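Listed below are the residues making up each chain.
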Amino acid sequence: MNILFSIDDYADIALYTTIHSIIKNCSDISKIKFYLLVNENKEKYIKHMKIYFNNIQFEILEFNNLTFPKKYNLLENYLKTIDSKYNYGFKIHRNIMNYARIFLIELFDIEGVCVYLDTDIIVQKDILKLLDYSLTDKYPCGAVLNRTNNHFKFSKSIPEINFILDENYIGFNTGVYIFDATYWKKNDLTLLCIRILNINLKKQIMQIGTQPLINLIFYKKVKKINLNWNVSGAGWKSGLRDENLQEANIIHWGGRQKPWLENGLWKKYWNKYRIS
């Protein structure tokens with residue numbers, strides 16, 4: 001299993017906590033390799049991974065205008081243009097590293113089953129259990145399905161990519177999903193992502209951010225997985241209760257009150273795995 005992260009320095013304390021939770025609850029860590037795409041300070045991440053964790057497989061690359069200038073500039077120009085054109089307010093949706101995930105498979109040349117994770121999560125159960133959800137060409141992605149088009153704002157049709165919206169479509173939160181790297185390569189989903197971003201520059205076909213982008217490339221190709229694999233909303237007053245979080249395979253602090261912040265919520269679950 002390949003576990004993928006695309007982060008900047010803002011998330012480094014959260015990153016190590018997430019990885020620690022995976023290791024603590026994994027039945028066989030030798031079956032996992034971590035891939036970290038970081039914006040800078042690669043050597044710092046390598047040093048910390050070696051200090052904090054023993055005998056784990058990992059690979060780290062920097063993504064910036066020096067290491068991958070063409071790819072970086074493409075995303076930077078997109079975000080500058082889209083922000084000035086549509087004036088979106090949320091900073092996280094303008095984070096280049098959030099978008100850099102579209103290059104993960106190509107840059108690391110990954111094969112097999114991948115799990116993409118945000119870093120505002122902890123994994124409380126054996127993550128290898130996600131391999132029980134077999135991926136196919138019909139369903140090359142797996143995720144908790146709980147998002148309507150209110151989250152994505154897809155146009156009713158996007159003829160450039162032969163897309164017609166099903167009004168009953170239910171999508172997923174892209175902070176936790178599994179997918180097949182072989183399918184990604186075979187269908188050149190990186191190129192499809194770039195095409196979609198370019199279309200969105202010409203006419204607004206979706207909300208800004210990677211939530212709609214990733215949902216669009218896997219539209220109607222997502223295998224439904226158990227809700228406990230992404231119990232989200234821990235970062236805002238969403239009505240979650242202790243019993244919800246105790247039973248969760250993954251707790252996801254979607255929202256602004258992250259557990260490492262002073263105003264964070266449900267800190268006791270996160271602190272259990274915190275790396276100081």
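In case you missed it, the structure is sitting above this.
In this report, we go over the structure that sits alongside the text.

The rules we used
Residues numbered from 1 in each chain as written. Predicted model: local features only at pLDDT ≥ 70, side-chain atom pairs only at ≥ 80, totals over all residues. Heavy atoms only, no water. Helix = DSSP H or I, 4+ residues; strand = E, 2+ residues; numbered from the N terminus. Buried < 20%, exposed > 50% of the residue type's maximum accessible area, 1.4 Å probe, protein only. Contact = heavy atoms within 4.5 Å. Pairing = 2+ DSSP bridges. Right-handed = clockwise from strand over helix to strand, strands pointing away. Salt bridge = Lys/Arg side-chain N within 4 Å of Asp/Glu carboxyl O. Axes fitted to C-alpha atoms, helices over the stretch in contact; angles between N-to-C directions. Parallel < 35°, antiparallel > 145°, perpendicular 65-115°, else oblique. Left-handed = near helix turned anticlockwise from the far one by under 90°. Nonpolar A, V, L, I, M, F, W, Y, C, P; charged D, E, K, R; others polar. Polar contact = N/O pair within 3.5 Å; in protein donor to acceptor, adjacent residues only side chain to side chain. Core = buried A, V, L, I, M, F, W, Y, C linked by side-chain atoms within 4.5 Å.

A separate point is the environment of Trp266. Looking at where Trp266 falls in the secondary structure, it is placed in the loop between strand 14 (250–252) and helix 11 (267–271). You can call Trp266 partly exposed: its relative accessible area is 24%. Taking the C-alpha atoms as reference, Trp266 lies 6.7 Å from Ala234; in sequence the two are 32 residues apart.

As for its position among the elements, His252 is in strand 14. Once residues lying within four places of it in the same chain are set aside, the contact partners of His252 are Asp118, Asp120, Ile121, Asn173, Gly175, Val176, Asn230, Val231, Ser232, Gly233 and Ala234.

The element strand 1 (residues 2–7) is largely enclosed, with a buried count of six among its six residues. Two elements, strand 1 and strand 2 (residues 33–38), share six bridges in a ladder whose sense is parallel. Bridging across to strand 2, Asn2 finds its partner in Lys33. Taking the sense of rotation as the criterion, the β-α-β connection linking strand 1, helix 1 (residues 12–25) and strand 2 turns out right-handed. Relative to strand 4 (residues 113–117), strand 1 is paired through three bridges, and the arrangement is parallel. When the sheet's bridge partners are listed, Ile3 is paired in strand 4 with Val115.

One pass over the structure, following the stated rule, counts twelve salt bridges. For Lys71, the salt bridge goes to Glu106, with nearest N and O atoms at 3.1 Å. One end of the pair, Lys71, is in helix 3 (residues 69–86); the other, Glu106, is in helix 5 (residues 104–108), and 35 residues separate them in sequence. Its relative accessible area of 42% is what places Glu106 among the partly exposed residues. In this structure, Asp109 engages Lys185 in a salt bridge whose closest nitrogen and oxygen atoms are separated by 2.6 Å. In this pair, Asp109 is assigned in the loop between helix 5 and strand 4 and Lys185 in helix 7 (residues 181–186), connecting sequence segments 76 residues apart. Residue classification places Asp109 among the exposed positions, given a relative accessible area of 55%.

Burial in helix 2 (residues 42–52) covers these residues: Tyr45, Ile46, His48 and Met49. On its buried side, helix 2 packs onto strand 1, helix 1, strand 2 and strand 3 (57–62).

This part covers the packing of helix 8 (residues 189–202) against helix 9 (residues 210–217). Contact geometry of helix 8 with helix 9 gives a least axis separation of 10 Å together with a crossing angle of 125°. By the angle between their axes, helix 8 is oblique relative to helix 9. Considering only the axes of helix 8 and helix 9, their crossing is right-handed. Residue-level inspection shows Leu189, Leu192, Cys193, Ile196 and Leu197 of helix 8 in contact with helix 9, the latter providing Leu213, Leu216 and Ile217. In terms of residue class, the contact of helix 8 with helix 9 is made up of eight nonpolar, no polar and no charged.

Relative to the assigned elements, Asn95 resides in the loop between helix 3 and helix 4 (96–99). For Asn95, a relative accessible area of 19% puts it in the buried group. Here Asp8 takes part through its side chain, which lies 2.9 Å from a polar atom of the side chain of Asn95. Sequence-distant contacts of Asn95, that is, excluding residues within four places in its chain, are made with Asp8 and Leu79.

The buried count for strand 2 comes to five of six residues, which makes it a mostly enclosed element. Since strand 2 and strand 3 lie parallel, the crossover through helix 2 that links them has a hand, and here it is right-handed.

A word on the packing of helix 1 against helix 2. In contact at an axis separation of 12 Å, helix 1 and helix 2 are set at 35° when each is read in the N-to-C sense. Considering only the axes of helix 1 and helix 2, their crossing is right-handed. Counted together, Asp12, Leu15, Tyr16 and Ile19 of helix 1 and Lys44, Tyr45, His48, Met49 and Tyr52 of helix 2 form the full contact between these two elements. Split into classes, the residues belonging to the contact of helix 1 with helix 2 amount to six nonpolar, one polar and two charged.

What follows covers the nonpolar core. For soluble globular proteins, the rule of thumb is that nonpolar side chains tend to be buried together. Within the largest apolar cluster, 54 residues are counted, with the highest numbers of intra-cluster contacts made by Leu4, Leu37, Phe63, Leu75, Phe179, Met206 and Phe218. Per-element tally for this core: the top contributor is helix 8, with six residues. In this structure, Phe63 is in contact with Leu37, Val38, Asn39, Phe68, Lys71, Tyr72, Leu75, Ile96, Met97, Ala100, Phe103 and Leu107, ignoring residues within four places of it in sequence. Ala11, Met49, Ile56 and Val123 belong to the second-largest nonpolar core, a separate cluster that totals 35 residues.

None of the figures reported here should be taken as evidence of function without further support.
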